[in-house]
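Report on the structure
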Amino acid sequence: MASAPTDTPTLPHTERPSVTSLNLRVAIVGAGPAGIYAGNILAGSVRERGGAVEIDLFDSLPAPYGLIRYGVAPDHPRIKGIVNSLHEMLDAGSLRFIGNVEVGRDIAIDDLQERYDAVILATGAIRDAALDIPGIGLPGSYGAADFVAWFDGHPDVPREWPLDAAEVAVIGNGNVALDVARVLAKHAVDLRSTEVPDNVLAGLEASAVTDVHVFGRRGPLDVKFTPIELRELGEVLDVDIVLADEDFAELELAAGSSNQLKVILRTFQAWRTRGTTGASRRLHLHFWHAPVAVLGDERVEGLRFERTAIGEDRVVRGTGELRDIPVQAVYRAVGYYGTPVVDAPFDTARGVIPNIEGRVVPASGAAPVPGLYATGWIKRGPVGLIGHTKSDAMETIAHLVTDAEAGLLEAPVVYEDVLELLDAREVAYTTWDGWLALDAHERGLGAAHVHSRERVKVVPREEQVDISRADSLALS
Ligand SMILES: Cc1cc2nc3c(=O)[nH]c(=O)nc-3n(C[C@H](O)[C@H](O)[C@H](O)COP(=O)(O)OP(=O)(O)OC[C@H]3O[C@@H](n4cnc5c(N)ncnc54)[C@H](O)[C@@H]3O)c2cc1C
């Protein structure tokens, strides 16, 4: 998984004293699922060995949970069970949440290395990977990650989103493409009971969309959708799923394929048999379409694709046949790109922090940086579900504990509490109690809402910070 070689790493000896027992101070950068799992596993692991550990969990956002709060679609409440268990981990008292602190801006990674035995980077991903085709920068061409951040109420994106296009294209064949297509196609009324922010609901209510086209460059046997995500498309009210017979010429190849793929193909077959019902919106799934260019002068007017086909060698290639499809907006859902940390190693080609099984290495072939680790999407790239970040964290923490027991970590040289530094720099950090206050506030807004919703998210950062810090400000 890592971009560096896999031989057993040896950490360089340093002049500074090393940690001899498991009494550790550890900073984790990123309070998404990866950071929280890492902290929880570390606390348990050190406890089992009779040691003690203080763990500070920093996040640049005022609230915890990373992409669970700002990535997972609002109509996916089944994720709630995971949130509850992450909540319990944070509430148990072994991890100290410190939000609204961007490492690399409010506090340097050096500041952390001076104060902690180890630093774990769990910064995940929030931006889109690039799709380098002509016209991709035209007005009306958007990154899926930006749209997701908008409909999930991320504080750092604009509040308005132009939804004036009747025909929309989504490029990509993964779950994010499906989330984007589903939210675009769904009638706003069917999102009312979710935690979608009010400005988003108003934007979706005004949407002019009639047809959402999802394009994959490979065939229906090669989709990256999970069956459950795919199936729920068929349950969206007043939206017909449209498939083209020409895309399904190869279904006999499904014989011997995985159970997951069989479920996906059964879902496609059911939709093909069902046909359309005259719904007011349509969601078209196209396969064998490789995007070539976004068309338009002043803004998006269409998309040019090259039809693809699979060879006997199972390689998908262009056939030379070009097709232009009129759309007024394009969303590229071709993957996320990891979030680097200032002054930490970063592999710009892969968008990850280079590492060997979680030990950060400055460059391919180099020895690991003592006491610096990575976990989650920033460790192995932005793929996989929340559950995968747990196994990631187990691997990273196992190495951290081994290194600590081997005396390979450098002990802190500054012992003051990091909060003193943040106070001196006038950083308006938030705390776990602050999150509990914000959480209660959002649930209160939901309960009071005319449609009685579980939560209404507070979007502006300053407002989140003010609510989170209200108690501490009242005391000071
Ligand atoms: C659109 C979308 C939908 C998804 N839906 C599902 C789903 O339905 N089910 C599922 O299981 N998985 C889903 N996933 C996948 C899931 O979100 C990821 O597996 C998981 O969030 C990765 O966790 P992470 O902690 O590595 O990263 P993240 O969740 O990205 O968390 C990283 C955290 O680090 C913080 N951070 C970044 N830089 C800094 C810095 N310099 N200083 C301080 N903090 C920083 C960020 O603010 C963020 O809170 C979805 C992903 C996306 C993108």
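Please refer to the structure higher up on the page.
The sections below set out a description of the structure shown in this document. Being a predicted model, the structure only gives us computed values, none of them experimental.

1. Section: the overall build of the protein
Scanning the protein from terminus to terminus reveals 14 helices and 18 strands. A globule of 476 residues ought to have a C-alpha radius of gyration of about 23 Å, and the protein, at 24 Å, matches this closely. Counting only C-alpha atoms, the protein reaches 70 × 55 × 45 Å along its principal axes. Per-residue burial over the protein gives 55% buried out of 476 residues. Of all intrachain contacts in the protein linking residues separated by at least 6 positions in sequence, the fraction that spans at least 24 positions is 77%. Carbon and sulfur atoms form 53% of the exposed surface of the protein, whose accessible area is close to 20300 Å².

2. As for the sheet that holds strand 11 (residues 289-295)
Spatially, the 3 strands line up as an open sheet ordered 11-12-13, and their pairing is antiparallel. Every interior strand has two partners, whereas the edge strands, strand 11 and strand 13 (316-326), have only one. Averaged over all neighbouring strand pairs, the angle between strand axes comes to 20°, with direction disregarded. As judged from the 8 bridges shared by strand 12 (residues 302-310) and strand 13, these two strands associate in the antiparallel manner.

3. Quick word on a negative patch on the surface
The grouping of Glu 88, Asp 91, Asp 433 and Asp 471 at the surface amounts to a negative patch. Along the polypeptide, Asp 433 turns up in helix 13 (residues 432-448). Judged by its relative accessible area of 60%, Asp 433 is exposed.

4. As for the pattern of salt bridges
Where charged atoms from two side chains of opposite charge come close, those side chains can pair. Per the counting criterion, the structure on display carries 36 salt bridges. Across the pair Glu 405 and Arg 49 runs a salt bridge whose closest N-O atoms are separated by 2.9 Å. Here the residue Glu 405 occupies a position in helix 11 (residues 386-405), and Arg 49 occupies one in the loop between helix 1 (33-48) and strand 2 (52-58), the gap between them amounting to 356 residues. One salt-bridge network, in which partners are shared between bridges, spans Arg 69, Glu 195, Asp 439, Glu 442, Arg 443, Glu 454, Arg 455 and Lys 457.

5. A closer look at the site of the ligand
Close contacts around the ligand come from 33 residues, with Ala 34, Asp 59, Leu 67, Val 103 and Trp 377 the closest. The separation between an oxygen atom of the ligand and a polar main-chain atom of Ala 34 is 2.9 Å. In this structure, an oxygen atom belonging to the ligand sits 3.3 Å away from a main-chain N or O atom of Ala 125. Look at the ligand: alone it shows 1000 Å² of surface, and the protein chains cover 94% of it. Listed by contribution, the elements that provide at least two residues to the shell around the ligand are helix 1, helix 6 (175-185) and helix 11. Taken together, the residues of the shell around the ligand break down into 17 nonpolar, 12 polar and 4 charged.

6. Observations regarding helix 5 (residues 144-151)
The buried fraction of helix 5 amounts to 7 of the 8 residues, a majority that puts the element mostly inside the structure. The set of residues buried in helix 5 consists of Ala 144, Ala 145, Phe 147, Val 148, Ala 149, Trp 150 and Phe 151. Looking one or two residues past helix 5, Gly 153 carries a phi angle of roughly 70°, positive in sign.

7. A few points about the pairing of strand 2
As judged from the 7 bridges shared by strand 1 (residues 23-29) and strand 2, these two strands associate in the parallel manner. Its bridge partner lying in strand 2, Val 26 is registered against Ile 55. Crossover strand 1 to strand 2 through helix 1 is right-handed. Across 4 bridges, the pairing between strand 2 and strand 3 (residues 95-98) is parallel. Paired with Ile 55 across the strands is Leu 95, a residue of strand 3.

8. Description of the environment of Ala 470
On the secondary structure map, Ala 470 appears in helix 14 (residues 461-475). Classification of Ala 470 as partly exposed rests on a relative accessible area of 38%. Spatially, the C-alpha atoms of Ala 470 and Ile 126 are 28 Å apart, while their sequence positions differ by 344 residues.

9. What to know about the environment of Val 427
Along the chain, Val 427 falls in the loop between helix 12 (418-424) and helix 13. A residue is classified by how much of its surface remains accessible, and Val 427, at 9% relative accessible area, is buried. Here the alpha-carbon distance between Val 427 and Pro 74, two residues 353 residues apart in the chain, equals 31 Å. With residues up to four places along the chain from it excluded, the contact list for Val 427 reads Asn 100, Val 101, Asp 106, Leu 422 and Arg 469.

Cut-offs applied
- Residues numbered from 1 in each chain as written.
- Predicted model: local features only at pLDDT ≥ 70, side-chain atom pairs only at ≥ 80, totals over all residues.
- Heavy atoms only, no water.
- Helix = DSSP H or I, 4+ residues; strand = E, 2+ residues; numbered from the N terminus.
- Rg over C-alpha atoms; globule rule 2.2 N^0.38 Å.
- Buried < 20%, exposed > 50% of the residue type's maximum accessible area, 1.4 Å probe, protein only.
- Contact = heavy atoms within 4.5 Å.
- Areas by Shrake-Rupley, 256 points an atom, 1.4 Å probe, with all protein chains shown as cover.
- Pairing = 2+ DSSP bridges.
- Axes fitted to C-alpha atoms, helices over the stretch in contact; angles between N-to-C directions.
- Patch = residues over 30% accessible without salt bridge, like charges linked within 9 Å, V, L, I, M, F, W, Y side chains within 5 Å.
- Salt bridge = Lys/Arg side-chain N within 4 Å of Asp/Glu carboxyl O.
- Lys, Arg positive; Asp, Glu negative; His and termini not counted.
- Charge placed at Lys NZ, Arg CZ, Asp CG, Glu CD.
- Near = heavy atom within 4 Å.
- Polar contact = N/O pair within 3.5 Å; in protein donor to acceptor, adjacent residues only side chain to side chain.
- Nonpolar A, V, L, I, M, F, W, Y, C, P; charged D, E, K, R; others polar.
- Right-handed = clockwise from strand over helix to strand, strands pointing away.

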